[in-house]
Amino acid sequence: MSAPLAGVRVLELARILAGPWAGQLLADLGAEVIKVERAGAGDDTRGWGPPFATGADGAPIGAAYFHATNRGKKSIEVDFDSAEGQATVRALAARSDVLIENFKVGGLVKFGLDYESLKKVNPRLIYCSVTGFGQTGPYAPRAGYDYLVQGMGGLMDLNGEAEGEPQKVGVAVADIFTGLYSVTGILAALHRRGETGEGARIDMALLDTQVSVLANQALNYLVSGEVPHRMGNAHPNIVPYQVFPAADGHLIVAVGNDGQFARFCAVLGAPDIALDPRHLNNADRVRNRDTLCATLADLTAKFARDDLLARLEGVGVPAAPINSIDQVFEDRQVIHRGLKTMLPEAGGGTMASVASPIVMDGVRMVAANASPRLGADTDAILASLAQEADA
């Protein structure tokens, strides 16, 4: 199967996470992604360790963080402050389908690499800007960081124990979601360009994205006027749907309907709980959450975790263990689906990576190569530009 984005060239003027995450997914889908990095330094995350990776040739190849979001790309070193460097980027943009950048608002104007400047040399260019707060509005000039946006966008107030302090999520979800939404916008713009021949300006903001993925919690507020707050591992709209204790640990039980609830109670040896008028349907159970879940917790605590999980699986009640990261990659389903992959690295060895979750026609979409070494493709790309200029 040919890669779905084969023949699409993406110029990435982005660093850290949101922009590079978008570029990596486009590379997974077969696009040629040229990552433009500042000469001598490169993407900031090359130094965000430990841990640091070492190639088979013994050379240091950057922090694990960098490798989490840059597989399948080419790297060219450019001095943005020099006329020569700016000319190189402009020439690449003229020959690219997509440009991704995450400079501060207006930060590329002084280099002549802003949207309006590049649109003149390539009207078909799809120019995707990723910032903390967007190209307009009172916060537009601010630098944006995932941690700040998780707080400002309501996520931290929803995450954590009810009586504890607000908590951020353990991965930079505002950045990652913004990268994913950026790809959605880019693919839509590519489709439209096929009909109109015109490029597009895409304005992506971390805060916009974080607010947009508040999902049911946002609508709970907008419909009821009541502000949702932290509930630990409980669900605001479904009961029982939370962590329960076992004799030797904890497990998740995610009851989604009345039939599952009845079977859950039967497995616990207390079928009458499901017949109690206070628990007949989900709305009843939400209203009586505290007493019901305390009773259920007393019962689950009598079972060994894996025994209870097996019993619940046997009767079709959704439940799961709470895995540490090492257990995730030892899980038989994760192994079967090939989510850990080893990609060829420039030094002759391989580099571990976590594959894209997209499977198309039975083929998992993942780039063919590991993340590039800094400037590894500079000479080849400059030579190609020279040849194209002479043609």
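Scroll up a little and you will see the structure.
What you are looking at is a predicted structure, and each value in this text was computed from that prediction instead of being measured.

**Brief notes about unusual backbone geometry**
When glycine is set aside, most residues are seen to have a negative phi, and most peptide bonds are trans.
So, point 1. A cis geometry characterises the amide bond from Gly49 onward to Pro50, with omega recorded as 5°.
So, point 2. Looking at where Pro50 falls in the secondary structure, it is placed in the loop between strand S2 (32-38) and strand S3 (52-54).
So, point 3. Here the bond from Pro50 into Pro51 is cis, since omega is 5°, no more than 30 degrees from zero.
So, point 4. Despite not being glycine, Ile16 shows a phi value in the positive range, around 70°.
So, point 5. Assignment of secondary structure puts Ile16 in the loop between strand S1 (9-13) and helix H1 (18-28).
So, point 6. Since its relative accessible area comes to 21%, Ile16 is described here as partly exposed.

**Quick look at the side chain of Ser75**
So, point 1. Structurally, Ser75 is set in strand S5 (residues 73-78).
So, point 2. Polar contacts involving the side chain of Ser75 include one to the main-chain amide nitrogen of Gly375, which spans 2.8 Å.
So, point 3. With residues near it in sequence (within four places) discarded, Ser75 still touches Lys35, Glu37, Arg46, Pro372, Arg373, Leu374, Gly375, Ala376, Asp377 and Thr378.

**Notes on the side chain of Gln86**
So, point 1. Take Gln86: it is sitting in helix H3 (residues 83-94).
So, point 2. By relative accessible area, Gln86 is classed as buried at 14%.
So, point 3. Within the structure, Gln86 has its side chain in polar contact with the backbone oxygen of Phe80 (distance 2.7 Å).

**Topic: the sheet that holds S1**
So, point 1. Spatial ordering of the open sheet is given by S5-S2-S1-S6-S7-S8, a layout of six strands whose pairing is parallel. Looking along the sheet, the strands with just one partner apiece sit at the ends: S5 and strand S8 (200-205). Each neighbouring strand pair of the sheet contributes to a mean axis angle of 20°, computed without reference to strand direction.
So, point 2. In this structure, strand S6 (residues 98-101) lies alongside strand S7 (residues 126-131), joined through four bridges in parallel fashion. Counterpart to Ile100 in the pairing with S7 is Cys128.
So, point 3. The strands that helix H7 (residues 173-196) touches are S6, S7 and S8; relative to S8, the one it contacts most, it runs at about 165°.

**Focus on the nonpolar core**
So, point 1. The biggest cluster of nonpolar side chains holds 30 residues, and the ones touching the most others in it are Val10, Leu26, Val98, Ile100 and Ile186.
So, point 2. Counting residues per element, the ones that place at least two in this core are H1, S6, S7, H7, S8 and helix H8 (206-212).
So, point 3. Dropping the residues within four chain positions of it, Ile100 is found in contact with Val10, Leu11, Glu12, Leu13, Ala14, Gly19, Ala22, Gly23, Leu26, Cys128 and Ile186.
So, point 4. In terms of nonpolar packing, the next biggest core, distinct from the first, is built from 24 residues, Val255, Ala270, Ala274 and Val317 among them.

**Some thoughts on the pattern of salt bridges**
So, point 1. Scanning the model with the defined rule gives 18 salt bridges in all.
So, point 2. The salt bridge involving Arg373 is made with Asp57; its shortest N-O contact spans 3.0 Å. Remark: Asp57 occurs in the loop between S3 and strand S4 (60-63) and Arg373 occurs in the loop between strand S15 (363-364) and helix H17 (378-390); sequence separation between them is 316 residues.
So, point 3. What emerges from the salt-bridge pattern is a single network uniting Glu12, Lys35, Asp43 and Lys73.

**Focus: the sheet that holds strand S11 (residues 319-320)**
So, point 1. Within the open sheet, the three strands sit side by side as S9-S10-S11. Their pairing is antiparallel. In this open sheet, the two edge strands, each paired with only one partner strand, are strand S9 (241-246) and S11.
So, point 2. Summarising the sheet, S9 and strand S10 (residues 249-254) pair through six bridges and their orientation is antiparallel. In the strand pairing of S10, Ala246 is matched with Gly249.

**Here's the deal with the environment of Val33**
So, point 1. By the element assignment, Val33 lies in strand S2.
So, point 2. On a C-alpha basis, the gap between Val33 and Glu165 in space is 41 Å, while along the polypeptide they are 132 residues apart.
So, point 3. Apart from residues lying up to four places away in sequence, Val33 is in contact with Val10, Glu12, Gly23, Leu26, Ala27, Lys73 and Lys74.

Criteria and cut-off values
Residues numbered from 1 in each chain as written. Predicted model: local features only at pLDDT ≥ 70, side-chain atom pairs only at ≥ 80, totals over all residues. Heavy atoms only, no water. Helix = DSSP H or I, 4+ residues; strand = E, 2+ residues; numbered from the N terminus. Buried < 20%, exposed > 50% of the residue type's maximum accessible area, 1.4 Å probe, protein only. Polar contact = N/O pair within 3.5 Å; in protein donor to acceptor, adjacent residues only side chain to side chain. Contact = heavy atoms within 4.5 Å. Pairing = 2+ DSSP bridges. Axes fitted to C-alpha atoms, helices over the stretch in contact; angles between N-to-C directions. Core = buried A, V, L, I, M, F, W, Y, C linked by side-chain atoms within 4.5 Å. Salt bridge = Lys/Arg side-chain N within 4 Å of Asp/Glu carboxyl O.

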